[in-house]
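Topology and contacts: notes
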Amino acid sequence: MKYKYSILALLSGVVSVSAQGVASFESEIKFPDFGFMAPPGEYVGPVFQLSDKFPKNLPALDEEVKEILKIDFKNDWERYAMAVREYVFKDNIDFHDNELSFDFKGEQSEKWFHVPWQHWGPSGREGYHGLTKEGPLAAKTLSYKQDIASNAYAVGFYNGQGGYGIGQVWKNPEAPDLSYINEKGFPEGTVVAKFLFTTLREDQVPQLTNPVEWKAYVYVSDIPGSEEALPDARASYKVSLLQMDIMVKDSRAKESNGWVFGTYAYNGNLEKKNPWENLQPVGLMWGNDPDIKLSESNGTLTKDSKTIINPKLKQTKISDDKSLPTQHLGWNSRLCGPADNPNSSCMSCHSTAQYPAVSAIMPFLNNPVIPIPEDGEEASQEWMEWFRNFYRNVAFNKNEAMTTDFSLQLSKSIKNFISYRSETEQGHYASEYWSNGKKVHKIMRGLPGK
């Protein structure tokens with residue numbers, strides 16, 4: 001196999017060579033692509049490259065997005081969910097080599113974008129597909145047959161409108177600026193998608209039959225049968241697609257600052273010719289139904305468990321399709337996916353997206369801890385702070401943080417950046433001390449008025 005490169009190309013860019021011998025050039029190095037990777041020589045295959053050519057000008061809406069924004073998500077939620085799914089899939093699935101699906105090379109690198117600074121820290125991106133380690137998958141949360149606990153691995157991406165919003169924050173790779181997102185939020189028509197994978201197999205989670213699989217560089221401790229592995233050990237292992245989450249900036253969703261949330265569960269029993277289409281819609285939500293305060297959760301699945309649909313919820317729609325695997329759903333049957341915590345909801349978690357992270361993503365993880373209310377009890381006012389509606393673009397902790405408009409990835413990227421800079425420069429930033437959780441003061445020198 002022969003390769004030819006011009007001297008100019010070698011001097012001006014980074015050259016990588018695919019298995020087919022076609023060179024690709026990354027002429028502008030902005031952000032690290034990943035944090036964990038098998039040593040050279042041990043791995044042969046696609047290498048994750050961050051899609052970070054963020055649009056400098058707000059792009060026109062894709063025709064598919066225009067059509068999505070015409071669908072009545074409240075009364076025709078399944079059509080809305082399927083239209084979003086097809087938009088995410090378009091031109092992103094490689095039927096010859098699934099490992100190349102959603103790699104955003106060529107023209108797709110100008111249509112879909114990743115949030116930078118997800119590589120940092122022990123949960124950072126691995127180098128095959130850019131997967132980050134996500135929350136725990138406790139036993140019996142995915143299926144009554146699941147007796148092994150593990151963790152999910154995930155990668156998310158934004159369309160052109162979302163990429164423009166990310167680019168406004170990260171115009172300067174050395175100095176992120178939250179003013180645009182804090183003031184305006186993400187543009188109308190932003191579409192976000194996130195895939196979640198698991199190391200578990202069909203024997204633990206029956207709906208993972210006929211799987212969509214990617215090779216990933218995961219923690220050995222998450223591989224079944226390897227619980228005694230060293231904490232930092234990683235290895236190549238095939239992971240199975242478990243879930244897809246979506247967010248759409250749709251101004252008709254008044255109760256959630258214009259966001260519609262959706263989730264899909266993988267169901268290989270559907271036996272679709274295109275296995276990605278086995279992602280079956282679970283539901284949509286566009287509000288937290290803050291008046292529904294009676295506590296009920298369905299976190300541990302048994303052989304006799306059923307998906308519990310709460311008819312009192314007006315801002316959540318859940319599928320009643322009998323072919324859909326049993327879902328634990330969120331607190332009081334609000335929407336959440338199979339990998340998500342049953343005492344939360346899609347909107348509840350994402351509403352905490354801000355910097356600094358004054359409040360935890362879930363009340364029982366907060367400091368101070370807010371206990372999970374017992375089933376049958378009415379939740380406290382403190383608990384219901386996580387189940388508010390948001391009618392405008394404000395931080396979860398108003399006046400104590402800047403909002404990242406429901407983007408947990410964006411808030412995490414800022415936190416990771418600050419953490420890295422503090423560690424490497426042996427210094428801290430005043431922004432880390434904007435709030436002590438009790439009283440907020442303006443940064444000042446000397447006595448007030450002096």
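Each remark here, short or long, concerns the structure printed above.
Residues numbered from 1 in each chain as written. Predicted model: local features only at pLDDT ≥ 70, side-chain atom pairs only at ≥ 80, totals over all residues. Heavy atoms only, no water.

**Concerning the side chain of Asp222**
Basically, it comes down to this: Here a helix means four or more residues in a row that DSSP labels H or I, a strand means two or more in a row labelled E, and each is numbered from the N terminus. Here a polar contact is recorded for every N or O atom pair within 3.5 Å, except that within protein the pair must consist of a potential hydrogen donor and a potential acceptor, and residues adjacent in sequence are included only if both atoms are side-chain atoms. The contact definition used throughout considers only heavy atoms, calling two residues in contact when any of these lie within 4.5 Å.
Here Asp222 lies in the loop between strand E6 (213-219) and strand E7 (234-249). At a separation of 3.0 Å, a polar atom in the side chain of Asp222 contacts the side chain of Asn151. The contacts of Asp222, once residues within four sequence positions are left out, are Lys133, Ser150, Asn151, Tyr153 and Thr199.

**Focus on the packing of aromatic side chains**
The criterion, for reference: Pairing of aromatic rings covers Phe, Tyr and the six-membered ring of Trp, with a centre-to-centre limit of 6.5 Å; geometry is then stacked below 30 degrees between planes, edge-to-face above 60, and tilted otherwise. Relative accessibility decides the category of a residue: with a 1.4 Å probe and only protein chains considered, values under 20% of the type maximum give buried, values over 50% give exposed, and everything between is partly exposed.
What the rule picks out here adds up to 36 aromatic pairs. When the centroid spacing of 5.4 Å and the interplanar angle of 85 degrees are considered together, the rings of Phe31 and Trp170 count as edge-to-face. Of the two residues, Phe31 is situated in the loop between strand E2 (23-26) and helix H2 (63-68) and Trp170 in the loop between helix H4 (160-169) and helix H5 (179-184); the sequence distance between them amounts to 139 residues. Phe31 sits in the buried class, given a relative accessible area of 3%.

**Some words on helix H3 (residues 77-89)**
The cut-off we apply is this: In this analysis, the expected span of each helix is defined as 1.5 Å times one less than the number of residues it contains.
Over its 13 residues, H3 extends 18 Å from the first C-alpha to the last, a length consistent with the 18 Å expected when each residue adds 1.5 Å. Within the span of H3, buried status applies to Trp77, Tyr80, Ala81, Val84, Arg85, Tyr87, Val88 and Phe89. Just downstream of H3 lies Asp91, where phi reads positive at about 65 degrees.

**Some remarks on the nonpolar core**
The following threshold applies: Among buried residues, the Ala, Val, Leu, Ile, Met, Phe, Trp, Tyr and Cys ones that are joined through side-chain atoms within 4.5 Å form a nonpolar core.
In terms of nonpolar packing, the biggest core is built from 53 residues, with Tyr80, Val84, Val88, Phe89, Phe102, Phe195 and Trp276 touching the most fellow members. Mapped by element, the contributors of at least two residues to this core are H2, H3, strand E4 (150-158), strand E5 (191-198), E6, E7, strand E8 (259-266) and strand E9 (279-285). By residue number, the principal contributor to this core is H3, which donates 7 residues. The next biggest cluster of nonpolar side chains, apart from the first, holds 47 residues, and it includes Phe54, Ile318, Met362 and Ile418.

**A closer look at unusual backbone geometry**
Note the cis peptide between Tyr355 and Pro356, where omega equals -5 degrees. Looking at where Pro356 falls in the secondary structure, it is placed in the loop between strand E11 (354-355) and helix H7 (381-384). Residue Asn367 is joined to Pro368 through a cis peptide bond whose omega torsion reads 5 degrees. Its location among the elements puts Pro368 in the loop between E11 and H7. With phi around 55 degrees, Glu271 is a residue other than glycine that occupies positive phi space. One can find Glu271 in the loop between E8 and E9.

**A short note on the pattern of salt bridges**
Note the following rule: Salt bridges are defined as contacts in which a side-chain nitrogen from Lys or Arg sits within 4 Å of a carboxyl oxygen from Asp or Glu.
A complete count under the given rule lists 12 salt bridges for this structure. When the shortest N-O distance is used, the salt bridge between Asp250 and Arg252 registers 2.7 Å. For Asp250, a relative accessible area of 1% puts it in the buried group. Of the charged contacts in the structure, one is a salt bridge between Glu385 and Arg388, with a shortest N-O distance of 3.6 Å. Taking the relative accessible area as the measure of exposure, Glu385 reaches 32% and is therefore partly exposed. Note on Arg388: relative accessible area 23%, which makes it partly exposed. Each of the salt bridges in this network shares a partner with another, and the network as a whole consists of Glu174, Arg421 and Glu425.

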